[in-house]
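Spelled out, the chains give:
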Amino acid sequence: IHLVLWWVHAILVFGIIAAFPYTRLLHVIAGGLNLATAEKNLGRLEPVTLEELEETGKVGVERLQDLTRRQLLSLDACVSCGRCEDACPAFEAGKPLSPRDVVQDLWRSLNAVGPRMSHGEPEGPGLHGEVIKPESLWSCTTCQACTDVCPLAVDPVGLITDMRRFLIGEGALSGPPAAALQKVQRSGNPWGLPKQDRFDWAEGLEVATVLTNPEFEVLYWIGCAASYDRRAQKVARAVVKLLEIAGVNYATLGPEERCNGESARRMGDEFLFQELAGENVKTLVKYKVRKIVTHCPHCLNSFKKDYPQFGGDYEVMHHTQLLSQLVLDGSLVVDSKAKLREGKKGSITFHDPCYLARANGISEEPRRLIEAAAGPESLVEMERNRCRTACCGAGGGRMWFDDAVDERIGIGRVREAVETGAQTVAVSCPFCLTMVGDGLAASAPEIKTIDVAELLAEAIGNSKPEDAPTE
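Residues numbered from 1 in each chain as written. Predicted model: local features only at pLDDT ≥ 70, side-chain atom pairs only at ≥ 80, totals over all residues. Heavy atoms only, no water.

Caption draft 1: Spotlight on the side chain of Ser187. Looking at the element boundaries, Ser187 is found in helix α11 (residues 176-187). Given the relative accessible area of 11%, Ser187 is considered buried. Ser187 has contacts with Gly192, Leu193 and Lys195, leaving out every residue within four places of it along the chain. (Helix = DSSP H or I, 4+ residues; strand = E, 2+ residues; numbered from the N terminus. Buried < 20%, exposed > 50% of the residue type's maximum accessible area, 1.4 Å probe, protein only. Contact = heavy atoms within 4.5 Å.)

If you want it as structure tokens, here you go:
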């Protein structure tokens, strides 16, 4: 009996071990390894070098063997629980993207051709077309919601951006987003407007530049949106007025500033981004920049997590962080009468930008400013807030896709804002200002959209910001 039981036991044990790669039990091992080796750094992308391009002759992921071992491990780790799909704003909006399907389709392809590849087949099949549709890849806003909620640290965004890089390299992107990339390369901004007009937003203000104030301590990075978009220009003017009131020793690059390339990188144009980053780093080195403040979370994330890969190490702050410090230390004092007036205007709800709250953990400072400007009782939270925020639909280059307002990815977020009953939606990102503002203008025009800096400027004495310069 003992001998029989011993052999039965041995056969069962070795049989189960042998069956691991062919059953769902594989996820137990792969998931544990993926969690143990994962470096969860939301908002960060791995660079592509010219050496890799010369060696392989292509950029990004075309076939399974172009995936890293880490990415292949994550495919086996996925248990298809659907949390990423539930969190995806593109899936919620009815776009042809499910992060779960992207991972599972790659996994099925791997299991179908992996054995043949291991027996000497030179190349696996191409992933673009039948396995992963291009429209699925372009639907992603890179908001990181799927990566953030995954219990096994699978990163669908990394897979999507790597496959986007290949499509960009093949010239597969067309229409308005492709035109935006061309304008960035030609004019230094996605609007394609003249470089000499970049400082027109400051008309009528005495804005310090690196030339007029070479001993500055903080560089205020304006960004393309506030340089050229009429609505976003008002945000930059409000921030400048607040910095002046607080006595901050700041400067701007003026007409020397250009796009930092964040949208280009998330869209997959890695080498356009590297070209822009290289030029910007040279400019920042020239003026000995060490500390940067920006009102754009995408610029913030790029300077914090992209630029160090190319020699640009800076202390980077969002404007809500700096303004919050200035309020706390008494450099900015809110007029109590102004606060009372703001409180009478009705409640305010705050929309957390993905690249501010989720990717960089900044969520309390904007709320602190809203409470300082309008009183703590004025703030009404949306159901999805802070790091669990919902995307406005502009990230990952989606800002440059020509979608109708009611077909945009962030339309669900607009409905959520309306459901709070608030009279004002406060934001802290120029992309969110546009997307949420357009959505509200179409569905609830009585609700006002405003940047936190504008709200604070209105509440501080007579420092209400002027309108942007007229055309």
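Still more ground to cover, so stick around.
Caption draft 2: Layout of the nonpolar core. The biggest cluster of nonpolar side chains holds 106 residues, and the ones touching the most others in it are Met163, Tyr220 and Leu456. Looking at this core element by element, the count peaks at nine residues for helix α13 (residues 230-246). The residues contacting Leu456, other than those within four sequence positions of it, are Leu242, Leu323, Val327, Leu332, Val334, Leu369 and Ala373. In this structure, Tyr287, Val289, Ile292 and Leu300 belong to the second largest nonpolar core, which totals 22 residues. (Core = buried A, V, L, I, M, F, W, Y, C linked by side-chain atoms within 4.5 Å.)

Caption draft 3: The packing of helix α17 (residues 319-328) against helix α23 (residues 452-459), seen in detail. It is the contact of α17 with α23, at a shortest axis distance of 10 Å, that shows an interaxial angle of 25°. What the angle tells us is that α17 and α23 run roughly parallel. Across the interface between the two elements, His319, Thr320, Leu323 and Val327 of α17 pack against Val452, Ala453 and Leu456 of α23. Partitioned by chemical class, the residues of the contact of α17 with α23 number five nonpolar, two polar and no charged. (Axes fitted to C-alpha atoms, helices over the stretch in contact; angles between N-to-C directions. Parallel < 35°, antiparallel > 145°, perpendicular 65-115°, else oblique. Nonpolar A, V, L, I, M, F, W, Y, C, P; charged D, E, K, R; others polar.)

Caption draft 4: Spotlight on the environment of Gly311. Note on placement: Gly311 falls in the loop between α16 (297-306) and β4 (315-318). With 105 residues separating them along the chain, Gly311 and Glu416 place their C-alpha atoms 41 Å apart.

Caption draft 5: A look at the sheet that holds strand β6 (residues 424-427). Ordered by their spatial adjacency, three strands build an open sheet running β5-β6-β7, and the pairing between neighbours is parallel. Strands with a single pairing partner mark the edges of an open sheet, and in this sheet they are β5 (348-350) and β7 (448-451). With strand direction ignored, the average angle separating the axes of adjacent strands in the sheet is 30°. As paired strands, β6 and β7 are joined by four bridges and run parallel to one another. (Pairing = 2+ DSSP bridges.)

Caption draft 6: Structural view of the side chain of Ser363. The topology assignment puts Ser363 in the loop between α19 (354-358) and α20 (364-374). The class for Ser363 is buried, based on a relative accessible area of 11%. A polar side-chain atom of Ser363 sits 3.5 Å from a polar atom in the side chain of Glu364. In contact with Ser363, other than residues within four places in its own chain, are Asp352, Ala357 and Arg386. (Polar contact = N/O pair within 3.5 Å; in protein donor to acceptor, adjacent residues only side chain to side chain.)

Caption draft 7: The pattern of salt bridges, seen in detail. What the rule picks out here adds up to 30 salt bridges. Its salt-bridge partner being Glu46, residue Arg44 comes within 2.4 Å of it at the nearest N-O pair. Among the ionic pairs, Arg367 bridges to Asp352, the shortest N-O distance being 2.6 Å. Here Arg367, found in helix α20, pairs with Asp352, found in the loop between β5 and α19; they are 15 residues apart in sequence, far enough to count as distant. One exposure class covers both Arg367 and Asp352, and it is buried. (Salt bridge = Lys/Arg side-chain N within 4 Å of Asp/Glu carboxyl O.)

Caption draft 8: Main features of the packing of aromatic side chains. Under the defined criterion, the tally for this structure stands at nine aromatic pairs. For the pair Trp221 and Phe303, a centre-to-centre distance of 4.9 Å together with 80° between the ring planes defines the contact as edge-to-face. Residue Trp221 is located in strand β1 (residues 218-221), and its partner Phe303 is located in helix α16; the two are separated by 82 residues in the primary sequence. Each member of the pair, Trp221 together with Phe303, is buried. With centroids separated by 6.3 Å and ring planes inclined at 90°, the aromatic side chains of Phe303 and Tyr314 adopt a geometry described as edge-to-face. Of this pair, Phe303 sits in helix α16 while Tyr314 sits in the loop between α16 and β4; the two residues are 11 residues apart in sequence, bridging distant segments of the chain. Neither Phe303 nor Tyr314 differs from the other in exposure class; each is buried. What links up through ring pairs into an aromatic cluster is the set Trp221, Phe273, Phe303, Tyr307, Phe310 and Tyr314. Sitting over the ring of Phe401, Arg398 keeps its end group 4.2 Å from the ring centre. (Phe/Tyr/Trp six-rings, centres within 6.5 Å; stacked < 30°, edge-to-face > 60°. Lys NZ or Arg CZ within 6 Å of the ring centre and 35° of its normal.)

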